Amino acid sequence: MAKREADRPSDLRSPASALGIYVHIPFCSAICNYCNFNRGLYDAGLKTRYLAALRTEIARAANARAADTIFFGGGTPSLLEPDEVRGIIEAVREAFSLDPDAEITLETNPETVDRAKLEGFRAAGVNRVSFGVQSFQDEELRRLGRIHSADRARAAVRDARAAGFDNVSLDLMMWLPGQSVDAWLANVDALTAADPDHASLYLLELYPNAPLKEDMARSGWSQAPDDDAAEMYLRALAKLDAAGYAQYEISNVARPGRASRHNLKYWCDGEWLGFGCGAHSTVAGVRWKNASATGEYIDRVAGATDPVAERRRLSADERLEEALFTGLRLAEGIDLVQLSDRYGVDVWARYGDELQRFLEGGWLVREGPRLRLTRDGMLMANEVMAVFV
Ligand code: SF4
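Residues numbered from 1 in each chain as written. Predicted model: local features only at pLDDT ≥ 70, side-chain atom pairs only at ≥ 80, totals over all residues. Heavy atoms only, no water.

1. Digging into the nonpolar core
Soluble, globular proteins show a tendency: their nonpolar side chains are buried together.
And step 1. Phe72, Phe96, Phe131, Phe136 and Leu355 are the most contacted members of the largest nonpolar core, which has 99 residues in total.
And step 2. Ranked by residue count, the leading element in this core is helix H6 (residues 181-194), at seven residues.
And step 3. Not counting the four nearest positions on each side in its chain, Leu355 is found in contact with Trp348, Leu364, Leu371, Val384, Val387 and Phe388.
And step 4. Residues Cys35, Leu176, Leu212 and Met216 belong to the second largest nonpolar core, which totals 10 residues. (Core = buried A, V, L, I, M, F, W, Y, C linked by side-chain atoms within 4.5 Å. Buried < 20%, exposed > 50% of the residue type's maximum accessible area, 1.4 Å probe, protein only. Helix = DSSP H or I, 4+ residues; strand = E, 2+ residues; numbered from the N terminus. Contact = heavy atoms within 4.5 Å.)

2. Side note on the packing of H6 against helix H8 (residues 226-242)
And step 1. Running from N to C, H6 and H8 point in directions that differ by 25 degrees, and their axes come no closer than 10 Å. In terms of orientation, H6 and H8 fall into the roughly parallel class. Two packed elements cross with a definite hand, and for H6 against H8 that hand is right-handed. Residue-level inspection shows Val181, Trp184, Leu185, Val188, Asp189, Leu191 and Thr192 of H6 in contact with H8, the latter providing Asp228, Glu231, Met232, Arg235, Ala236, Lys239 and Leu240. (Axes fitted to C-alpha atoms, helices over the stretch in contact; angles between N-to-C directions. Parallel < 35°, antiparallel > 145°, perpendicular 65-115°, else oblique. Left-handed = near helix turned anticlockwise from the far one by under 90°.)

3. Notes on the site of the ligand
And step 1. Looking at the ligand, the residues that line it are Cys28, Ala30, Ile31, Cys32, Tyr34, Cys35, Phe37, Gly75, Thr76 and Arg146.
And step 2. Residues that form the shell around the ligand fall into these classes: seven nonpolar, two polar and one charged. (Near = heavy atom within 4 Å. Nonpolar A, V, L, I, M, F, W, Y, C, P; charged D, E, K, R; others polar.)

4. Describing the pairing of strand E16 (residues 364-367)
And step 1. Here E16 runs beside strand E17 (residues 370-373); their pairing, made up of four bridges, is antiparallel. Residue pairing for E17: Arg366 is matched across the bridge by Leu371.
And step 2. Where E16 folds back on E17, the antiparallel hairpin that results is connected by two residues, among which Gly368 adopts a positive phi of roughly 60 degrees. (Pairing = 2+ DSSP bridges.)

5. Considerations on the sheet that holds E17
And step 1. Within the open sheet, the three strands sit side by side as E15-E17-E16. Their pairing is antiparallel. The open sheet is flanked by strand E15 (334-335) and E16, the only strands paired with a single partner.

6. Notes on the pairing of strand E13 (residues 286-290)
Successive side chains on a regular strand alternate, one facing one side of the sheet and the next facing the other.
And step 1. Across the five residues that make up E13, a large majority, four, are buried.
And step 2. For strand E12 (residues 280-283) and E13, the ladder comprises four bridges, and the chain directions are antiparallel. Bridge pairing in E13 places His280 opposite Lys289.
And step 3. Linking E12 to E13, which pair antiparallel, is a turn of two residues; within it Ala284 sits at a positive phi near 50 degrees.
And step 4. Bridge count between E13 and strand E14 (residues 308-313): five bridges; the pairing is antiparallel. Residue Lys289 lies in a different strand from E14, and its bridge partner there is Glu310.

7. Structural notes on H8
And step 1. Across its 17 residues, H8 extends 25 Å between first and last C-alpha, which sits within 8% of the 24 Å expected from 1.5 Å per residue.
And step 2. Among the residues of H8, Ala229, Met232, Tyr233, Ala236, Leu237 and Leu240 are the ones counted as buried. Projected down its long axis, H8 shows its buried positions confined to an angular sector of 115 degrees, all on one face. Summarising the geometry of H8, the exposed residues directed more than 90 degrees from the buried face are Asp227 and Ala242.
And step 3. Where H8 is buried, its residues contact strand E7 (168-174), H6, strand E8 (198-203), strand E9 (246-249), strand E10 (252-254) and helix H14 (375-379).
And step 4. Gly244 sits one or two positions beyond H8 and adopts a positive phi of about 95 degrees. (Expected span 1.5 Å × (residues − 1). Arc of directions from axis to C-beta.)

8. Notes on the packing of aromatic side chains
The description of an aromatic ring pair rests on the distance of the ring centres and on the angle between the ring planes.
And step 1. Throughout the structure, instances matching the rule amount to nine aromatic pairs.
And step 2. Between the aromatic rings of Tyr248 and Trp267, the centroid separation amounts to 6.2 Å while the plane-to-plane angle is 65 degrees, which identifies the pairing as edge-to-face. One end of the pair, Tyr248, is in strand E9; the other, Trp267, is in helix H9 (residues 261-267), with 19 residues separating them in the sequence. Each member of the pair, Tyr248 together with Trp267, is buried.
And step 3. Centroid distance Tyr266 to Trp272: 4.7 Å. Interplanar angle 85 degrees. Geometry classified as edge-to-face.
And step 4. Accessibility expressed as a relative area gives 25% for Tyr266, which makes it partly exposed.
And step 5. Through a chain of ring-to-ring contacts, the aromatic side chains of Phe27, Tyr42, Tyr50 and Tyr297 assemble into a single cluster.
And step 6. Across from the ring centre of Phe165, 5.7 Å away, lies the NZ or CZ of Arg122, which sits over that ring.
And step 7. The residue whose ring lies beneath Arg366 is Trp348, and the NZ or CZ to ring-centre distance is 4.2 Å. (Phe/Tyr/Trp six-rings, centres within 6.5 Å; stacked < 30°, edge-to-face > 60°. Lys NZ or Arg CZ within 6 Å of the ring centre and 35° of its normal.)

Dropping the structure here:
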């Protein structure tokens, strides 16, 4: 029996109605050896010019739309000073109708903050911190080129609580080089001991030229076999279930009411505006991406040129496909009737035959109008989602 709308967690309801605002901060104090994000080394002068460009870009986008989330992502947004973060939040408030209860998240590297700085971020309007912890074992952190220690990560969570944050998220990475199943599960135990409100578990992805690949070859570190990675995932989620977290997305768990409202916009066919270098936006079926290089982005904004490097209207089929494969990432899955109505296509008639074998294999479940991946199915999500693209 499908859940009625009124039974659904409030943070999963109608996230598409207001805009999400993403703000990219591309500066880091050191570059991790596995990182494939759009980032560069911190430079104070460049940062000042970048923040001015960001405020200008936000002001130029002003419209009457409501926004109910701001997400500072990077790079390392916590390298900014609290007043600089406040300035960006103010720019968003002036440009859009920002919900007084907006979720305002700052991605934070534990090494870049202390209690006073976190108090400053809280006073500036940030109400959610997301710590990139990755591991609670110093040797694993060293292998990744991370600059913080496990103790520093624990202390940062305590500092955040002392600074008044009641919405704290931690990121962990699994399947690290040389990491055993037991070592990974010890990280999960350390995470639950730190007692965050939300956690994201990511699989380490090694892109082709990652310096970490060379380090692994030189040092003889390898990743555990695929079967172990599946065991790591399933046993970690079982531990998180037992600790009172609910899985709401393939890689994300939360305490009640603490699912990431911003990220839900990406998974629930919502709309968002991205500001800063390389930032993506999707509004009314149009997707665009800003110039990736920090200097080029600043020059374009300062020269009153459009910072957008690519823009295209998504076709109706692309929008539907995307709604399917992002929606299926959610533990509650997708509502086939709602999507069929929204896109004017009978979704089951189009894809049902191909999806049948996943239903029979126990990877997918159909309950009333909803279709969702089982937890075993989440391990096979790429195979299932290939049906849609
Ligand atoms: S701190 Fe994050 S964005 Fe910066 S280099 Fe490391 S992984 Fe990449």
